[in-house]
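Inside the fold
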Amino acid sequence: MRPLLVILAAGFVLSCSAPPPLSDADLSAFRQLQAARADQFRSAAYLIDLRVNDSGNKFSFSTELYFSGDSVGFYGRGYFGKGAFKGTIIDGLVTLYLDGRNEYFVTREEKLLTETACAEPGEVLLYMLSLFSGRHRAGDDLLMVSAAKRTARYLDGRFAGTVSLAGKQRQYPMREWLVSPACGDSITLAYGSFRSEFPFYQISEGRYDNERQDFHVRGFVREQRYNIGLPGKKFALEIPADAVRVDKLGR
């Protein structure tokens, strides 16, 4: 699964003493590390604090985020519809129910990543949350672009990804940027330190920026647990029969 979150176009500043350059073997080792991490992923649970700046209107809320296999479940209060919300991403289908408005939104995950249709900020936020999955990978087309700066690039739908790598014996990501010049938005992912045991590396912070619409979200991981038993109800979503379907998650 390549579950859905949205990119800060930020510069990567080198230290005065340049780190040793990456080799093709380093890049190959990083691909193997990503594959091993995905193979060992069974489930994950997060508690994430999100801070939103919508054209100067600032507010915050927390969301629970669950992953199991190819399924994602998320719950929260205070943003979508200014009330409780609950959503799932199952087999690439994104569904969100807004309790406060009795509305629901449905779309295919790949639609949020196309070049021709720029998604609303709230919709891309769903993609950003999905990137916290332990299965997130920098892409099979990962190519080294700077050995001295230890950076590599890849494509993810309409996003151009850049990842900066660290580590000596085993390469791991320090920071990742996904930028969409056509739509004017970006996602930044910051990773915690490498660990020898699963899950090897963890996303510690995520950020979504849409300069054109002056919309910014920053997410901080408060708690995270991996490979734990999760009940099926975390991925169940019941939509009332009288709920109204909406085409966009407007602001």
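Going through the model one piece at a time under the given rule, you end up with seven salt bridges. Between Arg108 and Glu110 there is a salt bridge, and its shortest N-O distance comes to 3.8 Å. For Glu123, the salt bridge goes to Lys248, with nearest N and O atoms at 3.9 Å. Linking Glu123 in helix α2 (residues 121-130) with Lys248 in the segment after β14 (244-246), this pair joins segments that are 125 residues apart in sequence. The class for Glu123 is buried, based on a relative accessible area of 3%.

Looking now at helix α1 (residues 24-40). What sets the pattern is the α-helix's 3.6 residues per turn: residues three or four places apart point alike. Counted at 1.5 Å a residue, the expected span for α1 with its 17 residues is 24 Å, and the 25 Å between its end C-alpha atoms agrees. Of the positions making up α1, those classed as buried are Asp26, Leu27, Phe30, Leu33, Gln34, Arg37 and Ala38. Seen along its axis, α1 keeps its buried residues to an arc of 130 degrees; they face one direction. Counted as exposed and oriented over 90 degrees from the buried face of α1: Asp24, Ala25, Gln32 and Asp39. On its buried side, α1 packs onto β7 (143-146), β8 (151-156), β9 (159-166), β10 (172-180) and β13 (215-226).

The next point concerns the side chain of Glu176. Position of Glu176 relative to the elements: it lies in strand β10. Here Glu176 falls in the buried class, since its relative accessible area comes to 2%. Of the polar contacts made by the side chain of Glu176, one reaches the side chain of Tyr191; its length is 2.6 Å. Aside from chain neighbours lying at most four places away, what touches Glu176 is His136, Ala138, Tyr154, Thr162, Val163, Ile187, Thr188, Leu189 and Tyr191.

On to the confidence of the model for the protein chain, then. Looking at the protein chain, the pLDDT average stands at 83 and 87% of residues meet or exceed 70. In the model of the protein chain, β7 stands out as the element of lowest mean pLDDT, 85, in contrast to β14, which has the highest, 95. Below pLDDT 50 for its whole length, residues 1-18 participates in 73 contacts with residues either more than four positions away or in separate chains.

Looking at the element boundaries, Ser43 is found in strand β1 (residues 43-54). Within polar-contact distance, the side chain of Ser43 engages the backbone oxygen of Ile228 at 2.6 Å. With sequence-adjacent residues up to four places away left out, Ser43 is seen in contact with Phe67, Ser68, Arg225, Tyr226, Asn227, Ile228 and Leu230.

Glancing now at the pairing of β7. Two strands pair when backbone bridges link them, and β7 and β8 are joined in this way by three bridges, in the antiparallel orientation. The residue bridging Met144 from the neighbouring strand is Ala152, located in β8. Following β7, the chain reverses through four residues before pairing antiparallel with β8; Arg150 in that reversal takes a positive phi of roughly 55 degrees.

Quick look at the pairing of β13 now. In terms of strand pairing, β1 meets β13 through eleven bridges, oriented antiparallel. Of the residues in β13, the one forming a bridge with Leu47 is Glu223. Summarising the sheet, strand β12 (residues 203-210) and β13 pair through six bridges and their orientation is antiparallel. Within the sheet, the bridge partner assigned to Tyr208 lies in β13 and is Val217.

Glancing now at empty space enclosed by the protein. Considering only enclosed or pocket space, the largest cavity measures out at about 30 Å³ in volume. Of the residues belonging to the lining of the largest cavity, the class tally is six nonpolar, two polar and one charged.

As a further point, take the environment of Ile203. Mapped onto the fold, Ile203 is located in strand β12. Look at Ile203 and you get buried, because its relative accessible area is 3%. Through-space distance from the C-alpha of Ile203 to that of Gly192 is 6.1 Å; in sequence the pair is eleven residues apart. Beyond its immediate sequence surroundings of up to four residues, Ile203 is in contact with Leu131, Phe132, Leu189, Ala190, Tyr191, Val221 and Gln224.

About the cut-offs
- Residues numbered from 1 in each chain as written.
- Predicted model: local features only at pLDDT ≥ 70, side-chain atom pairs only at ≥ 80, totals over all residues.
- Heavy atoms only, no water.
- Salt bridge = Lys/Arg side-chain N within 4 Å of Asp/Glu carboxyl O.
- Helix = DSSP H or I, 4+ residues; strand = E, 2+ residues; numbered from the N terminus.
- Buried < 20%, exposed > 50% of the residue type's maximum accessible area, 1.4 Å probe, protein only.
- Expected span 1.5 Å × (residues − 1).
- Arc of directions from axis to C-beta.
- Contact = heavy atoms within 4.5 Å.
- Polar contact = N/O pair within 3.5 Å; in protein donor to acceptor, adjacent residues only side chain to side chain.
- pLDDT = per-residue confidence, 0-100.
- Pairing = 2+ DSSP bridges.
- 1 Å grid on protein atoms, 1.4 Å probe; cavity = no way out; pocket = protein on both sides within 12 Å on 5 of 7 lines; lining within 4 Å.
- Points joined across faces, edges and corners; volume = space filled by probe spheres on them.
- Nonpolar A, V, L, I, M, F, W, Y, C, P; charged D, E, K, R; others polar.

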